[in-house]
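Here is how the chains run, residue by residue.
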Amino acid sequence: MAAGERIGLDLRSHRSRVIDAPMLAAADLVVTMEQRHVLEVATVLPEAFNWAFTLPDLVQRSEAAGPRADRDLRRWLTAIDDPKRRAQILRFTPDLEVPDPMGGTKRTFRRCTELLVDLVDRFMAVTWPEDLSTREHGASARPVPGSS
């Protein structure tokens, strides 16, 4: 929690939840930290694989595709997807994951937080650039995007 507080996030009320099909069907985007989480999403709701990504994979694909502009988010996500991704997700690729800091030192949590801030900022710059251009830079000023 301390790492989140340093960037303006209050995580005290956050609780993890078990995913279910209605939750996934209602989501426009599912972001995970590990590849196995994407596979778990696909197990619960197979079509959700099309809008479930690890954060590093999502950032790489969105930067390669360029700005979303006014395109519907789920359609844009389908456009940045690659049919080979299904095979790639079955192989462990460390570059496509955010290392879990659990059990680590404060420094490990700080590094993880810095990585997450960088990845989210990069994704926001491609996906919702108009929101970032009118706001102060940084996680505490980051807008919460709508579903479009």
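Small disclaimer: the values here were computed from a predicted structure and weren't measured. (Residues numbered from 1 in each chain as written. Predicted model: local features only at pLDDT ≥ 70, side-chain atom pairs only at ≥ 80, totals over all residues. Heavy atoms only, no water.)

## A closer look at the overall build of the chain
Counted only if it meets this: Secondary structure follows DSSP: runs of H or I at least 4 residues long count as helices, runs of E at least 2 residues long count as strands, and numbering of each begins at the N terminus. The buried label applies to any residue whose accessible area, calculated with a 1.4 Å probe on protein chains only, is under 20% of its type's maximum; exposed applies above 50%, and partly exposed to all values in between. Any two residues whose heavy atoms approach within 4.5 Å are treated as being in contact. Residue exposure ignores everything except the shown protein chains as possible cover, and the areas themselves are Shrake-Rupley values with a 1.4 Å probe.
Check the secondary structure of the chain and you find 8 helices and 2 strands. Written out in order from the N terminus, the α and β elements of the chain read α-α-β-α-β-α-α-α-α-α. Taken across its 148 residues, the chain has 36% of its residues classed as buried. Of the contacts formed within the chain by residues at least 6 apart in sequence, a portion of 57% connects residues at least 24 apart. Total accessible area on the chain stands at roughly 9200 Å², and carbon and sulfur atoms take up 56% of it.

## Digging into the pattern of salt bridges
To keep things clear, this is the line we draw: Note on definitions: salt bridges are taken to be side-chain nitrogens of Lys or Arg within 4 Å of carboxyl oxygens of Asp or Glu.
For the structure shown, the criterion picks out 7 salt bridges. Between arginine 74 and aspartate 28 there is a salt bridge, with the nearest N and O atoms lying 4.0 Å from each other. Residue arginine 74 is located in helix H5 (residues 73-80), and its partner aspartate 28 is located in the loop between helix H2 (21-26) and strand S1 (30-32); the two are separated by 46 residues in the primary sequence. A salt bridge links glutamate 40 to arginine 36, with the shortest nitrogen-to-oxygen separation between them at 3.2 Å. Taken together, the residues glutamate 40 and arginine 36, both in helix H3 (residues 35-44) and 4 residues apart, mark about one turn of the helix.

## Here's the deal with a positive patch on the surface
As a reminder of what qualifies: The patches described consist of residues with a relative accessible area above 30% and no salt bridge, like charges being joined within 9 Å and nonpolar side chains (Val, Leu, Ile, Met, Phe, Trp, Tyr) within 5 Å. A residue counts as positive if it is Lys or Arg and as negative if it is Asp or Glu; His and the chain ends are not included. One atom stands in for each charge, and that atom is NZ of Lys, CZ of Arg, CG of Asp or CD of Glu.
Together, Arg6, Lys106, Arg107, Arg110 and Arg111 give the surface a local cluster of positive charge. Among the residues examined, arginine 107 registers a relative accessible area of 53% and is labelled exposed.

## Focus: the packing of aromatic side chains
Using the following cut-off: Working definition: a ring pair exists when centres of Phe, Tyr or Trp rings (six-membered ring for Trp) sit within 6.5 Å. Plane angles under 30 degrees give stacked, over 60 give edge-to-face, the rest tilted.
Under the counting rule described, the total for this entry stands at 2 aromatic pairs. With a centroid separation of 5.9 Å and 80° between ring planes, the pair formed by phenylalanine 123 and tryptophan 128 is classed as edge-to-face. Taking relative accessible area as the criterion, phenylalanine 123 reaches 6% and is therefore assigned buried. Put simply, the rings of Trp76, Phe123 and Trp128 pair up and form one aromatic cluster.

## A closer look at the environment of arginine 15
Using the following cut-off: Contacts described as polar in this section are N or O atom pairs within 3.5 Å, which, within protein, must combine one atom able to donate a hydrogen with one able to accept it, while residues neighboring in sequence count only if both atoms come from side chains.
With respect to the helices and strands, arginine 15 occurs in the loop between helix H1 (2-5) and H2. A distance of 2.8 Å separates a polar atom in the side chain of arginine 15 from the backbone oxygen of arginine 12.

## Considering the nonpolar core
The line we're drawing: In this description, a nonpolar core means a group of buried Ala, Val, Leu, Ile, Met, Phe, Trp, Tyr and Cys residues linked to one another through side-chain atoms lying within 4.5 Å.
Val30, Trp51, Trp76 and Leu77 are the most contacted members of the largest nonpolar core, which totals 27 residues. The set of elements that each furnish at least two residues to this core consists of H3, strand S2 (52-54), helix H4 (55-65), H5 and helix H7 (106-127). For this core, the element with the highest residue contribution is H7, accounting for 5 residues. The residues touching tryptophan 76, leaving out its near neighbours within four places in the chain, are Ser62, Ala65, Gly66, Pro67, Arg68, Arg71, Phe123, Val126 and Thr127.

## Some details on the environment of tryptophan 128
Along the polypeptide, tryptophan 128 turns up in the loop between H7 and helix H8 (129-133). Overall, tryptophan 128 belongs to the buried group, its relative accessible area being 6%. Here the alpha-carbon distance between tryptophan 128 and proline 67, two residues 61 residues apart in the chain, equals 8.2 Å.

## With respect to H7
The cut-off we apply is this: Here the expected span of a helix is defined as 1.5 Å times the quantity of residues minus one.
Here H7 is 22 residues long and its end C-alpha atoms lie 31 Å apart, about the 32 Å a rise of 1.5 Å per residue gives. Among the residues making up H7, those that are buried are Cys112, Thr113, Val117, Leu119, Asp121, Phe123, Met124, Val126 and Thr127.

## Things to note about H5
Going by this rule: Note that the arc is defined by the directions from the helix axis to the C-beta atoms.
Listed as buried for H5 are Leu73, Trp76, Leu77 and Ile80. Looking down the long axis of H5, one finds its buried residues gathered within 100° of arc, a one-sided arrangement. Opposite the buried face of H5, at more than 90 degrees from it, the exposed residues are Arg75 and Ala79. Against the buried residues of H5 lie S2, H4 and H7.

Note that every value here comes from positions in space, so none of it alone points to a role or purpose.
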